[in-house]
Amino acid sequence: MPPDPVLRAAAEMTGLLSPLTCGLTLQYGIFIRTERWAERRLLVHELVHTGQYERLGGVRPFLDCYLRECLSVGYPMGALEQEAIRVEREICGS
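Residues numbered from 1 in each chain as written. Predicted model: local features only at pLDDT ≥ 70, side-chain atom pairs only at ≥ 80, totals over all residues. Heavy atoms only, no water.

A.B. asks: Just to check I follow, could you spell out helix α4 (residues 79-92) for this structure?
C.D. replies: In an α-helix, one turn spans 3.6 residues; hence positions three or four apart end up facing the same way. The terminal C-alpha atoms of α4 lie 20 Å apart, and with 14 residues this matches the ideal 20 Å at 1.5 Å per residue to within 8%. Buried within α4 are the following residues: L80, E81, E83, A84, I85, V87 and E88. Residues of α4 that are buried make contact with α2 (40-56) and α3 (59-72). Note on α4: the residue one or two positions beyond its end, G93, has a positive phi of about 90°. (Helix = DSSP H or I, 4+ residues; strand = E, 2+ residues; numbered from the N terminus. Expected span 1.5 Å × (residues − 1). Buried < 20%, exposed > 50% of the residue type's maximum accessible area, 1.4 Å probe, protein only. Contact = heavy atoms within 4.5 Å.)

A.B. asks: Could you clarify how one ought to interpret the packing of α3 against α4 in this entry?
C.D. replies: The axes of two packed helices give the description: the angle between them and the distance between them. The interhelical angle for the contact between α3 and α4, taken along N-to-C directions, is 95°, at an axis separation of 8 Å. The orientation of α3 relative to α4 falls into the category roughly perpendicular. The residues of α4 that touch α3, namely those facing F62, C65, Y66 and E69, are A79, L80 and E81. For the contact of α3 with α4, the per-class residue count stands at five nonpolar, no polar and two charged. (Axes fitted to C-alpha atoms, helices over the stretch in contact; angles between N-to-C directions. Parallel < 35°, antiparallel > 145°, perpendicular 65-115°, else oblique. Nonpolar A, V, L, I, M, F, W, Y, C, P; charged D, E, K, R; others polar.)

A.B. asks: Please explain the packing of aromatic side chains as it appears in this structure.
C.D. replies: What characterises a pair of aromatic rings is the spacing of the ring centres plus the angle enclosed by the ring planes. Counted according to the given criterion, the structure contains two aromatic pairs. Both rings, one in Y53 and one in F62, keep their centres 3.9 Å apart while their planes meet at 25°; by these two values the pair is stacked. An identical accessibility class is assigned to Y53 and F62; each is buried. For the ring pair F62 and Y66, a centre distance of 5.3 Å and an interplane angle of 20° mean the geometry is stacked. Of the two residues, F62 and Y66 both sit in helix α3, four residues apart, roughly one turn of that helix. The class of F62 is buried, set by a relative accessible area of 3%. (Phe/Tyr/Trp six-rings, centres within 6.5 Å; stacked < 30°, edge-to-face > 60°.)

A.B. asks: I tried to follow the nonpolar core on my own but got confused; where do I start?
C.D. replies: Generally speaking, soluble globular proteins have nonpolar side chains that are buried together. In terms of nonpolar packing, the biggest core is built from six residues, these being Y53, F62, C65, Y66, C70 and L80. In terms of residue count, α3 provides more of this core than any other element does, four residues in total. (Core = buried A, V, L, I, M, F, W, Y, C linked by side-chain atoms within 4.5 Å.)

A.B. asks: Teacher, can you tell me more about the pairing of strand β2 (residues 29-32) here?
C.D. replies: For a regular strand, side-chain orientation follows a simple rule: the groups alternate between the two sheet faces. Here strand β1 (residues 23-26) runs beside β2; their pairing, made up of four bridges, is antiparallel. Looking at the pairing, L24 lines up with F31 of β2. (Pairing = 2+ DSSP bridges.)

A.B. asks: Would you explain the pattern of salt bridges in this entry?
C.D. replies: Oppositely charged side chains may form a pair once their charged atoms are brought near each other. Here the structure, examined in full by the defined rule, presents six salt bridges. Residue R36 pairs with E39 through a salt bridge whose shortest N-O separation is 2.5 Å. A salt bridge links R55 to E83, with the nearest nitrogen and oxygen atoms 2.9 Å apart. Here R55, found in helix α2, pairs with E83, found in helix α4; they are 28 residues apart in sequence, far enough to count as distant. (Salt bridge = Lys/Arg side-chain N within 4 Å of Asp/Glu carboxyl O.)

Here it is, written out as structure tokens:
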């Protein structure tokens, strides 16, 4: 969990980070659990998020949008997460 109290609270509130989290993208940094690294689908999914960071203009705009979606419609139903799932399926199959 993040040491920053605001980020920690957001992570706990949204449930985005937990012992079950297998991947996380922070702009150009993609973190994938060691035991999941060989999963092409997961890397494709996280690369979509990298593209979203670029499209939205960086870390702050992405997180503002992504966290708002998670809090309003719930994870994984937000538009950004759904886009990552859709592209992952298009590239890797259902």
